[in-house]
Amino acid sequence: MKILGNILWLIFGGLAAALEYFVASAVMAITIIGIPFAVQTFKIGLLTLWPFGSEVVTVEQNQGCLTTVMNIIWIIIGGIWIWLTHIFFGALLFITIIGIPFARQHFKLARLALTPFGKDIR
């Protein structure tokens, strides 16, 4: 069932959102400062390709305020645009009964798109 859900997910906006993550990751990997952002964005891009059967957990690490600063920088650089993509696809899919599970997944990923640092994908 997870495989069918993931294949349908690619059709219902998952591929477009994943491409957005991969483009953002490639652009940020060009600079040395952007490499941590690129790594996290690439992980989320892979999650966006195959979201069913995966979960996002908050990692409790002793990094101080580094994750907060990186989340704020990420929101300004690209998080808001990817968040808008997830909200758009989620609202569009929520109109139909069949699209509701996919819409809920887009809304979960929208929350992750704003604050990806301090999260781990399992």
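Quick summary incoming for the structure in this document. Small disclaimer: the values here were computed from a predicted structure and weren't measured. (Residues numbered from 1 in each chain as written. Predicted model: local features only at pLDDT ≥ 70, side-chain atom pairs only at ≥ 80, totals over all residues. Heavy atoms only, no water.)

## Focus: the overall build of the protein chain
Looking only at helices and strands, the protein chain features 4 helices and 2 strands. Reading the secondary structure of the protein chain in the N-to-C direction produces α-α-β-α-α-β. Relative to a compact globule of 122 residues, whose C-alpha radius of gyration would be 14 Å, the protein chain shows 14 Å and is just as compact. On the principal axes, the C-alpha backbone points of the protein chain span a range of 40 × 30 × 20 Å. Sorting the 122 residues of the protein chain into buried and exposed places 37% on the buried side. Excluding contacts between residues fewer than 6 apart, the proportion of contacts in the protein chain whose partners are at least 24 apart in sequence is 74%. When the accessible surface of the protein chain is split by element, carbon and sulfur atoms take 74% of a total near 7,300 Å². Where the 7 positive side-chain charges of the protein chain centre and where its 4 negative ones centre are 6 Å apart. (Helix = DSSP H or I, 4+ residues; strand = E, 2+ residues; numbered from the N terminus. Rg over C-alpha atoms; globule rule 2.2 N^0.38 Å. Buried < 20%, exposed > 50% of the residue type's maximum accessible area, 1.4 Å probe, protein only. Contact = heavy atoms within 4.5 Å. Areas by Shrake-Rupley, 256 points an atom, 1.4 Å probe, with all protein chains shown as cover. Lys, Arg positive; Asp, Glu negative; His and termini not counted. Charge placed at Lys NZ, Arg CZ, Asp CG, Glu CD.)

## Concerning the side chain of Thr85
Tracing the backbone through its elements, the reader meets Thr85 in helix α3 (residues 66-93). Looking at Thr85, the relative accessible area reads 18%, which means it is buried.

## Some points on the packing of helix α1 (residues 2-28) against helix α2 (residues 35-49)
Where α1 meets α2, the closest approach of the two axes is 8 Å, and the angle between their N-to-C directions is 170°. Overall, the two elements α1 and α2 adopt an arrangement that is roughly antiparallel. Together, Asn6, Trp9, Leu10, Gly14, Leu15, Ala17, Ala18, Tyr21, Phe22, Ala24, Ser25 and Met28 of α1 and Ile35, Phe37, Ala38, Thr41, Phe42, Ile44, Gly45, Leu46, Thr48 and Leu49 of α2 make up the contact between the two elements. Split into classes, the residues belonging to the contact of α1 with α2 amount to 16 nonpolar, 6 polar and no charged. (Axes fitted to C-alpha atoms, helices over the stretch in contact; angles between N-to-C directions. Parallel < 35°, antiparallel > 145°, perpendicular 65-115°, else oblique. Nonpolar A, V, L, I, M, F, W, Y, C, P; charged D, E, K, R; others polar.)

## Details of the packing of α3 against helix α4 (residues 100-114)
Contact geometry for α3 and α4: axes closest at 7 Å, N-to-C directions at 170°. On the basis of the axis angle, α3 is roughly antiparallel to α4. Of the residues contributing to the contact of α3 with α4, the split by class is 17 nonpolar, 5 polar and no charged.

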